[in-house]
Amino acid sequence: MIGSLSRTTPVIVQGITGRMGRSHAVLMRAYGTNIVGGTSTRADTKDVAGVPVFASCADAVLATGAVASVAMAPPEETWGAVQEALAAGIKLIVTVAEGVPMHDAIRIGRAVRRAGAIWVGASTPGVAVPGECKLGFLPDVCLNPGPLGIMSKSGTLSYEVGYRLARDGLGQSIWVGVGGDPVKGVRFADLLPVFFDDPGTKGIILVGEVGGTEEEECAAAYARLGARKPLFALIAGREAKEGVSMGHAGALVHGEFGTIESKTKQLTAAGARVFTSIESLIGQCGRIYRFDKR
Amino acid sequence: MLLIEADGKALFAEQGIPVPAGVVVTDAVPALPGDGPWMVKAQVPVGGRGKAGGIRRCDTRAAVEAAVAAMIGTRLKGHGIDACLIEAAAAGQERYLAVMVDPASYGLRVIYAKQGGVKIEQAGAVVGRLCAPHPGAVAEALADLIADEPDAWRDRVAAIGKALATMLLDRELALAEINPLFVSEAGCVAGDAKVVIDLNAIPRQPRIAAILAARPELYLDANRKLAEGFDYVELDPEGEIGLVTTGAGLSMMLIDELTARGAKPLNFCDIRTSLMRGSPARLIRVLEWITERPSLKAVLVNIFAGITDLGEFAGLLAAAIQASPSLRVPVVARLVGRNADEARRILGEAQPGMLVTADLEEALARIDAIVGSTS
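Scope of this entry: the structure provided in the associated data block. (Residues numbered from 1 in each chain as written. Chains lettered and ligands numbered in written order. Predicted model: local features only at pLDDT ≥ 70, side-chain atom pairs only at ≥ 80, totals over all residues. Heavy atoms only, no water.)

So, empty space enclosed by the protein
Test applied: Definitions used throughout: a 1 Å grid over protein atoms alone; a cavity as a set of points that fits a 1.4 Å probe which cannot get out; a pocket as an open set with protein on both sides within 12 Å along at least five of seven lines; a lining residue as one with an atom within 4 Å of a point. Grid points are joined across faces, edges and corners, and a volume is the space filled by probe spheres set on the points. Here the nonpolar group is Ala, Val, Leu, Ile, Met, Phe, Trp, Tyr, Cys and Pro; Asp, Glu, Lys and Arg are the charged ones; every other residue, Gly included, is treated as polar.
Counting across every chain of the model gives one cavity of 30 Å³ or more. Here the largest cavity is characterised by a volume of approximately 40 Å³. Forming the boundary of the largest cavity are eleven residues, of which Val100, Met102, Asp181 and Pro182 of chain A together with Asn200 of chain B lie nearest the centre. In terms of residue class, the lining of the largest cavity is made up of eight nonpolar, one polar and two charged.

Quick look at the sheet that holds strand 16 (residues 298–305) of chain B
Residues and elements named next belong to chain B. Let me state the cut-off plainly: Pairing between strands requires that DSSP locate at least two bridges from one strand to the other. By the criteria applied, helices consist of DSSP H or I runs no shorter than four residues and strands consist of E runs no shorter than two, each listed in order from the N terminus. Lines fitted to C-alpha atoms define the axes here, with helix axes fitted over just the stretch in contact, and angles between the N-to-C directions of these axes take values from 0 to 180 degrees. Whether two residues touch is decided by their heavy atoms; if any such pair falls within 4.5 Å, the residues are in contact.
If you trace the four strands from one edge of the open sheet to the other, you get 14-16-17-18, paired in parallel fashion. Looking at which strands have only one partner, the edges of the open sheet turn out to be strand 14 (241–245) and strand 18 (355–357). The average undirected angle you get between the axes of adjacent strands in this sheet is 15 degrees. Helix 9 (residues 281–291) rests against strand 14 and strand 16 of the sheet, and its axis sits at about 165 degrees to strand 14. Across the sheet, helix 11 (residues 340–350) touches strand 17 (331–337) and strand 18, and the angle it forms with strand 17 is around 160 degrees.

As for the sheet that holds strand 2 (residues 34–39) of chain A
All names here are of chain A. Taken together, seven strands build an open sheet; the order of strands is 3-4-2-1-5-6-7 and the sheet is mixed. Single-partner strands in this sheet number two, and they are strand 3 (47–48) and strand 7 (118–120). The sheet strands contacting helix 2 (residues 57–64) are strand 1 (10–14), strand 2 and strand 4 (51–54), and the helix crosses strand 1 at an angle near 160 degrees.

What to know about the nonpolar core
This is how the line gets drawn: Buried Ala, Val, Leu, Ile, Met, Phe, Trp, Tyr and Cys residues that are joined via side-chain atoms within 4.5 Å together make up what is termed a nonpolar core. Any residue under 20% of the maximum accessible area for its type is buried, any over 50% is exposed, and the rest in between are partly exposed; the area is computed with a 1.4 Å probe on protein chains only.
Counting residues in each nonpolar core, the largest one holds 98 residues, and the members touching the most others are Met151, Val161 and Ile205 of chain A together with Leu300 of chain B. Looking at this core, the element that brings in the most residues is helix 8 (residues 248–260) of chain B, giving seven residues. Among all residues touching Val161 of chain A, those that are not within four sequence positions of it are Ile150, Ile205, Val207, Leu234, Ile278, Leu281 and Ile282 of chain A. Among the nonpolar cores identified, the runner-up in size contains 81 residues, and Leu3, Val110, Ala137 and Trp153 of chain B belong to it.

Looking at the interface of chain B and chain A
Note the following rule: Note: buried area is the sum, over both parts, of the accessible area (probe 1.4 Å) each one loses when the two are combined. Take a side-chain nitrogen of Lys or Arg and a carboxyl oxygen of Asp or Glu: if they are within 4 Å of each other, that pair is a salt bridge. We call two N or O atoms a polar contact when they sit within 3.5 Å, provided that within protein one can donate a hydrogen and the other can accept it, with sequence-adjacent residues counted only if both atoms are side-chain atoms.
Each partner contributes to the interface: chain B provides 58 residues, whereas chain A provides 60 residues. Interface area, chain B with chain A, both sides summed: about 4500 Å², of which 61% is carbon and sulfur. When the buried area of chain B at its contact with chain A is split by residue, Tyr106, Met252 and Phe304 of chain B rank highest and sum to 17% of it. Summed over the shared surface of chain B and chain A, the result is four salt bridges. Between Arg204 of chain B and Asp104 of chain A there is a salt bridge, with the nearest N and O atoms lying 2.9 Å from each other. Inspection of the region where chain B meets chain A yields 15 residue pairs in polar contact (both at pLDDT 80 or more). Taken together, the elements giving at least two residues each to the side of chain B that touches chain A come down to helix 5 (151–170), helix 7 (220–228), strand 13 (231–234), helix 8, strand 17 and helix 12 (360–374) of chain B. Here the side of chain B that touches chain A gets nine residues from one element, more than from any other, and that element is helix 8 of chain B.

A look at the environment of Arg238 of chain A
In this fold, Arg238 of chain A is placed in the loop between strand 13 (231–236) and helix 8 (260–269). For Arg238 of chain A, the residues in contact, after removing those within four places along its chain, are Val210, Ile260 and Thr276 of chain A together with Asp256 of chain B.

A short note on the layout of surface pockets
Residues and elements named next belong to chain B. In this structure, the second largest pocket occupies an estimated 570 Å³ of space. Contributing elements (two or more residues each) for the lining of the second largest pocket: strand 2 (38–42), strand 3 (55–58), strand 6 (84–88) and strand 10 (175–184). Top contributing element to the lining of the second largest pocket by residue count: strand 10, with four residues.

With respect to the pairing of strand 5 (residues 68–71) of chain A
All names here are of chain A. Threshold: Place the viewer so that the strands point away; then a crossover is right-handed whenever the path from the first strand over the helix to the second strand goes clockwise.
Here strand 5 shows two buried faces, one formed by Ala68 and Val70 and the other by Ser69 and Ala71. Pairing analysis gives four bridges linking strand 1 to strand 5, with the strands arranged parallel. Across the sheet, Val11 pairs through a bridge with Ala68, a residue of strand 5. In this structure, strand 5 lies alongside strand 6 (residues 92–95), joined through four bridges in parallel fashion. From the neighbouring strand, Ala71 faces strand 6, where its bridge partner is Thr95. The parallel pair strand 5 and strand 6, bridged by helix 3 (residues 78–87), forms a crossover whose chirality is right-handed.

Notes on the packing of aromatic side chains
Spelled out, the test is: In summary, the pairing rule links any two rings of Phe, Tyr or Trp, Trp by its six-membered ring, whose centres are within 6.5 Å, and it sorts them by plane angle into stacked for under 30 degrees, edge-to-face for over 60 and tilted for everything else.
Taken as a whole and assessed by the stated rule, the structure comprises seven aromatic pairs over all chains. Aromatic pair Tyr159 of chain A and Phe304 of chain B: ring centres 5.8 Å apart, planes at 55 degrees, arrangement tilted. Here Tyr159 of chain A is found in helix 5 (residues 155–167), whereas its partner Phe304 of chain B is found in strand 16 on a different chain. The exposure classification of Tyr159 of chain A matches that of Phe304 of chain B, with both residues buried. Plain terms: the ring middles of Tyr232 of chain B and Trp289 of chain B are 4.8 Å apart, the flat faces sit at 55 degrees to each other, and that makes the pair tilted.

Topic: the pattern of salt bridges
Two side chains bearing opposite charge may form a pair once their charged atoms approach each other closely. Using the criterion set out here, one finds 47 salt bridges over all chains in the structure. Arg109 of chain B is paired through a salt bridge with Asp102 of chain B; the nearest N and O atoms lie 3.2 Å apart. A relative accessible area of 9% means that Asp102 of chain B is categorised as buried. Between Arg272 of chain B and Asp231 of chain B there is a salt bridge; the shortest N-O distance is 2.9 Å. Residue Arg272 of chain B is found in the loop between strand 15 (267–270) and helix 9, and its partner Asp231 of chain B is found in strand 13; the two are separated by 41 residues along the sequence. With relative accessibility at 5%, the residue Asp231 of chain B sits in the buried group. A network of salt bridges, in which partner residues are shared, links Glu160, Arg164, Arg167, Asp168 and Glu279 of chain A together with Arg261, Arg334, Glu361 and Asp368 of chain B.

See below:
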């Protein structure tokens with residue numbers, strides 16, 4: 001589903017009459033996303049900037065055939081928004097709220113798995129296929145079509161990476177923000193097959209953070225799947241304070257677990273290149289993909 | 001976020017999990033529980049305290065007093081020690097028992113090991129059983145893991161495991177760990193408590209909220225986040241570079257890169273420009289915290305604005321600098337995104353001489369120059 005996103009994929013925005021929902025629906029559509037509708041509990045609003053507004057996801061899907069949803073719901077309402085989307089048959093759900101409780105995320109993950117859908121979140125800046133569409137609020141200034149798949153725990157650090165790639169004439173094939181939450185939808189390892197199977201992706205950039213075991217899982221999957229495309233990793237948090245979450249709840253180091261040493265060691269052993277500065281990562285990508293510039 | 005042991009044990013006791021009699025001290029040592037020996041333990045939210053010298057066994061009251069005096073006011077693994085927990089030393093064989101959220105399976109992981117104590121941390125990845133997020137499923141998984149424990153304490157361990165699972169689910173915790181769990185025919189008792197809470201669940205977890213509120217200094221970062229709605233973590237009270245930055249990942253990376261260049265960042269910060277709503281108050285707060293540290297040599301502002309209007313932000317930053325008389329060091333601003341030219345114009349007028357650039361490497365080089373010329 002993520003690999004086949006395009007400018008024709010019909011997308012709805014849950015919570016389209018809110019401040020965030022309204023402005024991002026307009027920005028997504030301006031980028032090229034096929035925003036076919038939105039939902040709102042406000043009965044008095046029939047459309048937002050020309051996008052029809054429905055009372056529920058079920059109504060919106062019935063009327064528009066939407067298969068993907070961007071849920072612009074506050075953290076405590078995200079679980080409810082996902083339930084509604086799943087019940088309506090949505091197959092790709094992007095949730096953007098920062099601060100979804102971890103045990104709600106467990107409930108969401110179990111429900112999404114049962115429904116056979118795909119969830120990106122809890123807190124993500126979104127998914128994009130540059131030049132085609134974006135679901136969420138990845139800044140346009142960072143998006144540039146090109147050969148590199150990006151997957152990132154951090155919004156801003158991936159913006160920085162995307163921005164410098166674009167500055168140097170490089171760009172991205174598919175960009176997925178997996179988010180910084182400990183319990184989440186798609187994980188780094190889930191995305192390797194997507195990037196491996198996508199003909200437009202020649203290399204993969206992993207933007208990780210200390211905490212959790214996602215980078216280690218990804219290293220194991222990368223080796224198991226035969227390292228079919230180069231993997232470049234940048235991991236933030238070398239100087240993070242042990243026992244304290246650095247902004248992202250997932251970025252929490254306990255003892256030996258989740259450290260940058262463990263992640264670097266396992267990614268390197270699996271055949272990935274791990275960088276310690278943004279500029280060194282960009283420089284290396286520039287050298288390898290200089291003939292793929294646009 | 002990790003709770004200190006004393007708070008974790010308070011939650012244990014409320015759940016019916018036996019803990020040693022103990023008392024938390026911040027200076028003078030009151031009447032001690034029992035006749036000794038005692039354990040004196042630094043109350044800092046970090047693992048591996050034993051290896052780092054934060055846990056001492058004492059046979060006499062004089063030794064307890066000496067241990068407390070030696071620990072309070074010092075730092076352990078980056079955290080200041082403001083309090084110690086003094087407990088009657090427990091006895092028995094050592095076990096390891098933990099229930100935690102398993103992110104990949106959307107379930108819980110139950111771990112039980114016959115080797116407790118510090119050794120478990122060196123044993124590397126410990127496996128356990130995965131199960132659904134229900135106390136009954138945890139009890140079933142644990143029953144398998146403890147099947148060959150002697151009758152004398154097997155049922156007691158099972159009851160503690162079930163209580164741990166109930167607590168984890170009711171309080172919406174990420175981890176509830178007992179290491180070591182002392183087991184003997186006389187009973188089982190939790191020698192330590194490692195409880196990791198979910199700050200995102202605080203609005204609906206009044207008991208956890210009360211624990212944090214009761215220790216404003218010890219849980220300074222968490223209380224700040226809850227009160228202010230953004231993240232600020234002091235990394236080094238003797239740091240030289242104050243950071244006013246957005247985004248957790250990029251802020252962490254900046255800290256890493258600054259440290260690698262030999263600079264000393266003071267703080268981590270994710271200020272969330274999208275939530276400032278036209279007021280410089282948040283910027284003024286951060287500048288106030290940063291300028292409290294006499295070691296400060298420069299402030300680095302790094303904003304990657306996907307959505308935020310940088311012209312508006314620049315106006316707020318100029319107002320905040322004006323409203324912060326305690327700010328007496330140079331400010332370097334790296335601004336990228338919407339309306340950056342307007343931002344440069346506004347700051348150029350309000351703060352002539354301040355470097356405002358779109359290039360992070362240029363901003364870092366300026367920071368190097370400032371720190372280099374003052375040290």
